[in-house]
Every structure is written in structure tokens, then in C-alpha cells.
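An overview of the molecular structure
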Amino acid sequence: MDLTQLPASDPSVILRYRDRQYAADLIAAAILEFDLFSYLGEHPGVTLPDLCEHFGWLERPADVLMTLCRASGFIETDPHDRSTLTVMGKEFLTAGSPWFLGPYYKPIADSPKLLDYVQILKTGKPANWQAKSDGADWHESMKDEAFANDFTNLMNCRGIAFGQKLAEALHADMLGRKRMLDVGGGSGIYSMTMAARCPELSAVVLEQSPVDEIARREIQRNGLADRVKVQTGDMFVDSWPEEVDVVLLSNLLHDWGREEANAIVRRAADILPVGGLLIIHGAIINAEKTGPLPVAEYSSLLMNITQGKCYSVAEYADMLDPVGLVVKRDAGTIGDRGYVLACKEH
Ligand SMILES: C[S@@+](CC[C@H](N)C(=O)[O-])C[C@H]1O[C@@H](n2cnc3c(N)ncnc32)[C@H](O)[C@@H]1O
């Protein structure tokens, strides 16, 4: 196929059905298991650390839940992290209100997903939903041939349009760039769409086995094997290809906790020359953590199956700044996805 030929429509509505499929259970856990909104009604102005202490929650899942509540219009949070119920939150989500809708969620009170969320909030550890039935987490499951095939296919099918739109959005920034490293690049679709759009660019996909072989096959199939190579390796342990002037982290950091994400960003900064670009692509929360709602919903899914979440633009800037990567801009692309573009300045 012609990887430069853009779709004429936006598939957000199709993606959202799936991306939000766990958000209802997280809200149900907040209402039924913790009665969060009655607590917020009685304690206006509580902060995230206050909530973590009161409910015994860990910061990452609690932040995902509160972001979802903000994006849904249940709460408002001031610049000092003090959260208060909105009128809708007060009227419809507090147990003492005549309009309380808690019972509406009762039918899913015992859903396995809701019970997982209770554990995730209390332990910070992901459940193993959509991973293999033997209890392995998502990352372990990606080392299994059959699971890796299916999941890489899942990511590849959305990656065609996402990658094309990303390449279009960054075309001017990519002019004169020679070599891009695509860390955890999956099928290599983002390298391929970028290479198709930028004829002078070569790319290398750093992937672990068995996804590395899937990528080689896909790149071959698209006739780009002369310009897009695959290097097999563990991104945390093995050395990264050098002499690259662009690093792409697509749908990658959001699978990891802050420590791992910081380590990946540090490695990117180490190999980039001054003037080099870092592109973070995926579903990104706005700086104020008030939305977009589809991203906040998707974040609850990621928080369930991985150690990560959808980070905000501000959280990305906090990760990048200490290693000399300065955010130049952030923007949306297609399907509720977008990018953060940073430049290595020192
Ligand atoms: C969510 S997928 C993103 C794939 C692709 N970048 C995209 O945007 O569709 C994360 C990828 O990271 C890869 N990955 C996870 N841990 C890795 C590691 N330690 N070393 C190399 N790749 C890894 C997985 O195999 C998977 O393909």
C-alpha cells in the first residue's frame, strides 16, 4: 500500500468504544467500593496525597482515577491540587443526595474488572487483563509468540493511520534528518510511514523477540527493508544504535511507571546530538489534567494492564527537562492521539 496516502475520515468513534471499555468499572469502584464522592463532598479541597492516605491508594492509579473524574466533569481541581465536587458530582454521585445514581452501577459491583481496580488502587500493581491466562503481565505476555502476533497486529492496524498523520504533522521538522531510532517500535509501522513520507530518512526499530521478527516481515512486505532495519535488543539493557538524529517513542512510555519512563528518556537523551529531536507519540493528557475525556478513559485501561498510564504534557516536560530535552510543541493528530516534540538543547 501507499503509506503516504492519508485516510479522509477520523476513526475516533470506533477507537473510543474499545479504548473506554474499562472506564465504567473504575468509576463504579469509586462509587460503590470507596464512596469517593461522598468523601469529597464532606472534605472539599482534598489533595491527591490526602486521598491516597485516607483510602490507602497508590499515587499512580489514584491520579488516573482523579483525572478521569475531572475529565468527566465530576470534580474540579485548583492549581494547588485541591479537588472539589462540581454541581453534577454533588447532585448525582453523593450518597446523601436525592438524585444519587449509585444504585445504577450496582449491576457491575462484582465485575472482575471492578475488583481488579480495587486491588490496583491499593497496590499500584497492574492486573493481568488481556494478558495470557497463566497470570503473566502484559510485558511478559509480549514475549509469547501467539500473544505478540495478535497484539502487534492490533497496534499495527491503528498505526497505519496514526503513523501517516504523525509523519504528515512532523514533515517540516523532519527535513534534513537522516536516521530515526524507533524504540519498542512494534511492527515498525511508524518508522515505515515516516520513511515513506521522508525519502531521505532511514530508520532502525529496536525491538525484543519475537516482535523483532514480526517487524522484519512487515518491513519486507512493505518494500522498505533497504531503509528500515530492525535491531533485536532489550531497550533497558542493551546498547542503543548511535548516530541517530531523531528518537521516536510511540505508545511506549505510557506502558511504564515513572522510573522506567525516566530511564528510557535518559537513554534517548544520551544518544541524541544537540539539535536532535525526541518525538513522544500516543494518547496524551493535557497539561491541566482535565482531559481529553477519551484519553482519560484510555488511561484507566492502561493503568489496569500495565505499570503505566497516559502521562500529561506537563509530566512529559518534567521527564525531559532534566536531561536537556526541551519541549517545542504538542499537538493532536487523529483518533484522540497526538505527540510531544522535544529538542536536545544541551
Ligand atoms: C505498546 S507497544 C508500542 C509499539 C509501537 N511503538 C506502536 O506505537 O504501536 C510497546 C512495544 O515495546 C516493546 N518492548 C517492551 N519491552 C521492551 C524491551 N525491554 N525492549 C525492547 N522492546 C520492548 C514491545 O515488544 C512492544 O512492541
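Residues take numbers from 1 onward in each chain, read along the sequence in its written order. The predicted nature of this model means local features are confined to residues of pLDDT at least 70 and side-chain atom pairs, given and counted, to a pLDDT of 80 or more, with totals for whole chains, interfaces and linings taken over all residues. Computation of side-chain values: all heavy atoms of the structure, hydrogens and water removed.

An unreviewed UniProt entry annotates the protein chain as O-methyltransferase of Neorhodopirellula lusitana.

**Comments concerning the overall build of the protein chain**
The condition is simple: Elements are defined by DSSP. Helices are runs of H or I of four residues or more, strands are runs of E of two residues or more, and each kind is numbered from the N terminus. Radius of gyration: C-alpha atoms only; globule rule: 2.2 Å multiplied by the number of residues to the exponent 0.38. Accessible area is worked out with a 1.4 Å probe on protein chains only. A residue is then buried under 20% of its type maximum, exposed over 50%, and partly exposed in between. The contact definition used throughout considers only heavy atoms, calling two residues in contact when any of these lie within 4.5 Å.
In terms of regular secondary structure, the protein chain is built from 15 helices and nine strands. Over its C-alpha atoms the protein chain spans a radius of gyration of 21 Å, differing by no more than 12% from the 20 Å that the globule rule assigns to 346 residues. Along the three orthogonal principal directions, the C-alpha set of the protein chain runs to about 65 × 45 × 40 Å. Per-residue burial over the protein chain gives 53% buried out of 346 residues. Summarising the internal contacts of the protein chain: among those between residues at least 6 apart in sequence, 71% fall at separations of at least 24.

**Some details on the side chain of Thr152**
Within the secondary structure, Thr152 sits in helix H9 (residues 145–169). Look past the residues within four positions of Thr152 in its chain and what remains in contact with it is Met142, Gly186, Ser187, Val211 and Ile214.

**What to know about helix H13 (residues 258–271)**
To be explicit about the condition: For a helix, the expected span equals 1.5 Å multiplied by the residue count minus one.
Over its 14 residues, H13 runs 20 Å from end to end, which matches the ideal 20 Å to within 8%, given 1.5 Å per residue. For H13, the complete set of buried residues consists of Ala261, Ile264, Val265, Ala268, Ala269 and Ile271. Residues of H13 that are buried sit in contact with strand E3 (179–183), strand E6 (246–250), strand E7 (277–282), helix H15 (313–320), strand E8 (325–332) and strand E9 (338–344).

**What about the packing of H9 against helix H12 (residues 211–221)?**
Here is the rule we go by: To obtain each axis, a line is fitted to C-alpha atoms, and for helices this fit is confined to the stretch in contact; angles are then taken between N-to-C directions over 0 to 180 degrees. Orientation is classified from the angle alone, with under 35 degrees giving roughly parallel, over 145 giving roughly antiparallel, 65 to 115 giving roughly perpendicular, and any other angle giving oblique. Note: crossing handedness is left-handed where the near helix turns anticlockwise from the far helix by less than a right angle, and right-handed where it turns clockwise.
Running from N to C, H9 and H12 point in directions that differ by 50 degrees, and their axes come no closer than 10 Å. Classified by the interaxial angle, the pair formed by H9 and H12 is oblique. Two packed elements cross with a definite hand, and for H9 against H12 that hand is right-handed. Across the interface between the two elements, Ala148, Asn149, Thr152 and Asn156 of H9 pack against Val211, Ile214, Arg217 and Glu218 of H12.

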